[in-house]
Amino acid sequence: MQFSEILKIALTIFFAIVIALILYILVISLVVNPYLEQGTWKLIANNFNNYQNESLTKNPKIYFIGNSQVMAAVDTNLVEERLANQNRSYSVYNLGVNFDTPLQRSIELTGIIHSKPELVIYGDSYCSFSSRYRYVPDDNLALVSDKIHLDNYSRSLFDKEQIALIDQNQFDQLLFKRKFIIPSLKQKMGIQIGGRDVVVNDTLTLEEREIIAQNPYDEFLAPVDAEDNVQKKAFIHIRDELRKNNISFVYVHMPMDTLRVATIPNTTKANYFSFLNSTGVQYFNLEESYPDEYFFDLVHLNKYGKQQYSSDMPELLIKELK
Amino acid sequence: MLFNSIQYPIFLLLVVILTFAARKRDYQLKVLLLASYVFYAISGEFFLPLLVFITALTFYCGIWIFTAQNLLHKRIYLAVSIIGALSILGYFKYFNFVVLGLDQAMDALNFSLAIQVYNIALPIGISFYTFHALSYVLDIYQGKMTPIDSFKEYALFVAFFPHLIAGPILRARDFLPQLKQKVTFTSENIQIGVTRIGIGMVKKVVIADNIAYYVNLVYANPDVPIQNSNSFFIICATILFGLQIYFDFSGYTDIAIGSARIFGYTFPENFNLPYFSQNPTDFWRRWHMTLSSYIRDYIYIPLGGNRKGIARTYLNLIITFTLCGIWHGAAWNFVLWGTYHGVLLCAHKAITTQRHIYDRITLISKTHFGLITKILITQYFIFMGWILFRVSNLDDIIYCVNKWIFIDVNSILSGFTKYSDILKLNAVFIGIPLIVIILLSRKHLKSSKIHSLVVHDPVEYLGRLKLNYWGVYLIVILLMILCLAPSRSPEFIYFQF
């Protein structure tokens, strides 16, 4: 009698677990997955797909990688067109990702190498080489964990928790997606936390820019120390691996608005350029090469800036191409 | 192994099956003891020999204390067991703290000691199992119990996996008699045990872990130093930390009590709505009850308790609670936190000994308004104490306490305005249902099942539901855990102690 009751309880627990899991999977499939069609992680997933597809072709190609400044600055059609005018036929890809850092990018290194681009142009600025503020968001590792293939050195640069995310299996990934349930439900219900939508104008007003410039916690102000850190190590590793595989590598210090340039501490500038010089990587300093009218905010080019930047790039890079 | 990990329910299920299969009491105890040691071994560094040593030391000292011919010998054996156990605890937990303190003191006097600080890993649960083991020898010394013959039973009392890492703190005289019975699995125990585990999991992973994110934005934010936060953030983070630590620790306790209940064992309760306490003494009768009764019986009363005059009572209270603070962790903020609670208890005692004031307070607290005021005043001081518990840097503590006492009204107003969307949303999702439940439970459903659920014992109520309803409860609990837990679940706060 007692045993049969315990068996009933065990079956109840078992079925409760099964039903709860089915309901959870339904929520993820119907609510979360559509929501996840947008976002930074999707850009990274697309990058992985791009490397996968491009590894099957032999077209000569150029990759622009880096942070959101690269995303905003590179018009691939225009770059291809300008290169074609100089009898250079290349497929050009803008693979920029928000909040990118060398460590974040190192998860794509194997894919980049396998797809064999002729030239990789890494666009970034000070903060990506800081040991503070910049980090690799969990989502950018967890949601693409099935696509990441790290070499041993890159693996050593991530901490224990990040490695756990990179190594997670499909069930872990399914559980990880629960963090998006509430945001996706809020989006479905049209609830907006924190006020207004950002309206993308050609440029922010001077007043708006000044407010941003005065924010001491803006991550573009993250200080760069003289000491080594994982970002610097990841950058050098990317350089080494690309060189080893005969892929040209160029770094572009991305343009900035004068208000932003004025707020970067001199020590950060000195440490940053000292590091770049020590790497032996060919780099272009475009920090003050564009007037303020070419910026949407303090660091991202607007459509005019984008046009100018995309026109200028082929001229600068032509000698790097074989 | 964390209670909130996927491995734990699998481990628990395996132990239940093996214990069930063992059938004979002797084999069952062996299975449980082995499982507890395995649990401990995979929970952290390799400190199992330490646990076995403390168990053996206190077991044999217990026998020697009991069989000693005179008081002097009894005292010697008691001292051996206490010094042996506490010196291990002291080495692992307090060595660096003492050495650094000495070094700083010597520095202030312009002496350089140049003492080496070692990187000593803290064995998980050491504070708890040391206390379990010491309660055994102390009870034997005080004549409250006789030693047991079976080392296996005693070892299981010290190491039983549900309470091993973070309590509740058991007394040998309460738990050892339970081990004399064969483990019999009953449907009632399993249902109530699983129900309790479910509630504990929700408290921990759904409530405490989600709150932790907001607390850490102020108290553990690498980008923004604590001293850049205004009163609004300090007050919000402190209140949220008070809730986090309650749900975290009481969630852990629920899982521990539920796990033990499956095997038919009863653990003492550790919490009884502590944030409804009406004074500091009442708070310590409701918060970490097994620790407060432990320190009362084994520190406060042996020091003389309240039997040696007012001044000595105050001193005893302060000593007892300072030690309670030190037990929590080897850091000055815990010392301050313990002493602060000692002072609060003294202040409360001082007020209650003034008859005319006490009579007035008693009169006022008979009204609803008076009662609520008493609770709010008490919680104001209790939550201020959480600043000392959470913040380790002395300058930061001073800053936060300052912001807690001298509230910057403008920051509160601007904070409410800035986060009005979130506050409104929470008011809708949490506040309104809460008010509805309170109103309904008071006015219309006094004798109903909902009333018994809310007011009496929700675990007993839910655990005795018919199986189909109980299945629905489990589905709801599992869905809450699956859907609402954050992607990273921090360790239980009390694991570090």
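In this text the structure is predicted, and so the values were computed from the model without any measurement.

**Description of the overall build of chain A**
(1) Moving on: Regarding its fold elements, chain A presents 16 helices and 5 strands.
(2) Moving on: Overall, the C-alpha framework of chain A stretches about 85 × 50 × 40 Å when taken along its three principal axes.
(3) Moving on: Split into buried and exposed, the 322 residues of chain A put 34% on the buried side.
(4) Moving on: Taking all contacts inside chain A whose residues are at least 6 apart in sequence as the whole, residues at least 24 apart take part in 86%.

**So, the overall build of chain B**
(1) Moving on: For chain B, the count of helices and strands is 22 helices and 0 strands.
(2) Moving on: For chain B, with 497 residues in total, the buried portion stands at 39%.
(3) Moving on: At a minimum sequence separation of 6, the contacts of chain B that also span at least 24 residues come to 71%.

**Observations regarding the domain arrangement of chain B**
Residues and elements named next belong to chain B.
(1) Moving on: Structurally, chain B comprises domain 1 (7-184) and domain 2 (190-484).
(2) Moving on: If you look at the interface, domain 1 gives 21 residues, while domain 2 gives 20 residues.
(3) Moving on: Secondary structure elements with two or more residues in the side of domain 1 that touches domain 2: α1 (7-22), α4 (71-108), α5 (126-141) and α7 (161-164).
(4) Moving on: When the residues that make up the side of domain 1 that touches domain 2 are grouped by side-chain class, the tally is 12 nonpolar, 7 polar and 2 charged.

**A word on the packing of helix α10 (residues 231-262) of chain B against helix α16 (residues 368-390) of chain B**
Residue and element names in this part refer to chain B.
(1) Moving on: Across the interface, α10 lies against α16 with an axial gap of 9 Å and an inter-helix angle of 80°. Relative to α16, α10 is oriented roughly perpendicular. Taking contact as the criterion, the partners of T238, I239, F241, G242 and I245 in α10 are, on α16, F383, W386, I387 and R390.

**Things to note about the interface of chain A and chain B**
(1) Moving on: Between chain A and chain B, the residue contacts involve 25 residues of the former and 23 residues of the latter.
(2) Moving on: The leading source of residues in the side of chain A that touches chain B is helix α1 (residues 2-35) of chain A, at 15 residues.
(3) Moving on: Its residues assigned to classes, the side of chain A that touches chain B comprises 16 nonpolar, 3 polar and 6 charged.

**A word on unusual backbone geometry**
With the exception of glycine, the majority of residues adopt a negative phi angle, and the majority of peptide bonds are in the trans configuration.
All names here are of chain A.
(1) Moving on: Notably, F99 is not glycine yet its phi reads approximately 55°, a positive angle.
(2) Moving on: Note on placement: F99 falls in the loop between β2 (91-94) and α5 (102-105).
(3) Moving on: We note that N246 has phi near 55°; this positive angle belongs to a residue other than glycine.
(4) Moving on: Mapped onto the fold, N246 is located in the loop between α13 (230-244) and β4 (248-253).

**Let's talk about helix α9 (residues 187-219) of chain B**
Residues and elements named next belong to chain B.
(1) Moving on: The end-to-end C-alpha separation of α9 is 45 Å, in line with the 48 Å expected for 33 residues at 1.5 Å each.
(2) Moving on: Along α9, the largest kink reaches about 35° and is centred on A208.
(3) Moving on: Counting buried positions along α9 yields 26 of 33 residues, so the element is predominantly enclosed.

**Let's talk about the nonpolar core**
Residue and element names in this part refer to chain B.
(1) Moving on: Formed by 125 residues in total, the largest nonpolar core has its most connected members in Y129, V137, L156, F157, A159 and I481.
(2) Moving on: Looking at this core element by element, the count peaks at 17 residues for α10.
(3) Moving on: A domain split of this core shows at least three residues from each of domain 1 (7-184) and domain 2 (190-484).
(4) Moving on: Contact partners of V137, with chain neighbours within four places excluded, come to T58, C61, G62, I65, L78 and S81.

**Re the sheet that holds β4 of chain A**
Residues and elements named next belong to chain A.
(1) Moving on: Spatial strand order, β2-β1-β3-β4-β5: 5 strands in an open sheet with parallel pairing. One side of each edge strand has no neighbouring strand; the edge strands of this open sheet are β2 and β5 (282-285). Recorded for the sheet is a direction-independent mean angle of 20° between the axes of neighbouring strands.
(2) Moving on: Summarising the sheet, strand β1 (residues 61-66) and strand β3 (residues 119-124) pair through 5 bridges and their orientation is parallel. By the bridge assignment for β3, Y63 is matched with V120.

**Looking at the packing of α9 of chain B against α10 of chain B**
Residue and element names in this part refer to chain B.
(1) Moving on: Where α9 meets α10, the axes come as close as 7 Å, and the angle between the chain directions of the two elements is 160°. Judged by the angle between their axes, α9 and α10 are roughly antiparallel. Read as a crossing pair, α9 and α10 show a hand that is left-handed.
(2) Moving on: Tallied by class, the residues present in the contact of α9 with α10 amount to 25 nonpolar, 8 polar and 6 charged.

**Looking at the environment of G44 of chain B**
All names here are of chain B.
(1) Moving on: Among the secondary structure elements, G44 is positioned in the loop between α2 (25-41) and α3 (48-67).
(2) Moving on: Measuring from C-alpha to C-alpha, the distance between G44 and I124 comes to 6.5 Å, with 80 residues separating the pair along the chain.
(3) Moving on: Those residues in contact with G44, other than ones at most four positions away along the chain, are P123 and I124.

**Side note on the pairing of β3 of chain A**
Residues and elements named next belong to chain A.
(1) Moving on: Burial runs high along β3: 6 of the 6 residues are buried.
(2) Moving on: By the alternation rule, side chains of β3 split into L119, I121 and G123 and V120, Y122 and D124, which are all buried.
(3) Moving on: Note: β3 against β4, 6 bridges, orientation parallel. Its bridge partner lying in β4, L119 is registered against S248.

**Some remarks on the environment of A73 of chain A**
Residues and elements named next belong to chain A.
(1) Moving on: Along the chain, A73 turns up in helix α3 (residues 68-73).
(2) Moving on: With 187 residues separating them along the chain, A73 and R260 place their C-alpha atoms 17 Å apart.
(3) Moving on: Each residue touching A73, except ones within four places of it in the same chain, is listed here: G123, M254, L301, G305, K306 and Y309.

**Notes on the pairing of β1 of chain A**
All names here are of chain A.
(1) Moving on: With 5 of 6 residues buried, β1 lies mostly within the body of the structure.
(2) Moving on: Relative to β2, β1 runs parallel, the two sharing 4 bridges. Its bridge partner lying in β2, Y63 is registered against Y93.

**Examining the confidence of the model for chain B**
(1) Moving on: Overall, the prediction assigns chain B a mean pLDDT of 83, with 89% of residues at 70 or greater.
(2) Moving on: Taken together, the chains of this predicted complex give a pTM of 0.78 and an interface ipTM of 0.74.

**Here's the deal with the confidence of the model for chain A**
Should pLDDT be low for a region, the predicted coordinates there are not to be read in detail.
(1) Moving on: With 94% of its residues at a pLDDT of 70 or more, chain A has an overall mean of 84.
(2) Moving on: Predicted confidence for residues 193-201 of chain A stays below pLDDT 50, and this span has 3 contacts to residues more than four positions away or in other chains.

**Some words on the environment of S128 of chain A**
(1) Moving on: Counting through the fold element by element, S128 of chain A comes out in the loop between β3 and α7 (138-142).
(2) Moving on: Sequence-wise, S128 of chain A and N215 of chain A are 87 residues apart; in three dimensions their C-alpha atoms are separated by 18 Å.

Each value, and the rule that gives it
Residues numbered from 1 in each chain as written. Chains lettered and ligands numbered in written order. Predicted model: local features only at pLDDT ≥ 70, side-chain atom pairs only at ≥ 80, totals over all residues. Helix = DSSP H or I, 4+ residues; strand = E, 2+ residues; numbered from the N terminus. Buried ≥ 20, exposed ≤ 12 C-beta atoms within 10 Å, placed from the backbone. Contact = placed C-beta atoms within 7 Å. Domains from an automatic or database assignment. Nonpolar A, V, L, I, M, F, W, Y, C, P; charged D, E, K, R; others polar. Axes fitted to C-alpha atoms, helices over the stretch in contact; angles between N-to-C directions. Parallel < 35°, antiparallel > 145°, perpendicular 65-115°, else oblique. Expected span 1.5 Å × (residues − 1). Bend = angle between axes of the 7 residues up to and from the residue. Core = buried A, V, L, I, M, F, W, Y, C linked by C-beta atoms within 7 Å. Pairing = 2+ DSSP bridges. Left-handed = near helix turned anticlockwise from the far one by under 90°. pLDDT = per-residue confidence, 0-100.

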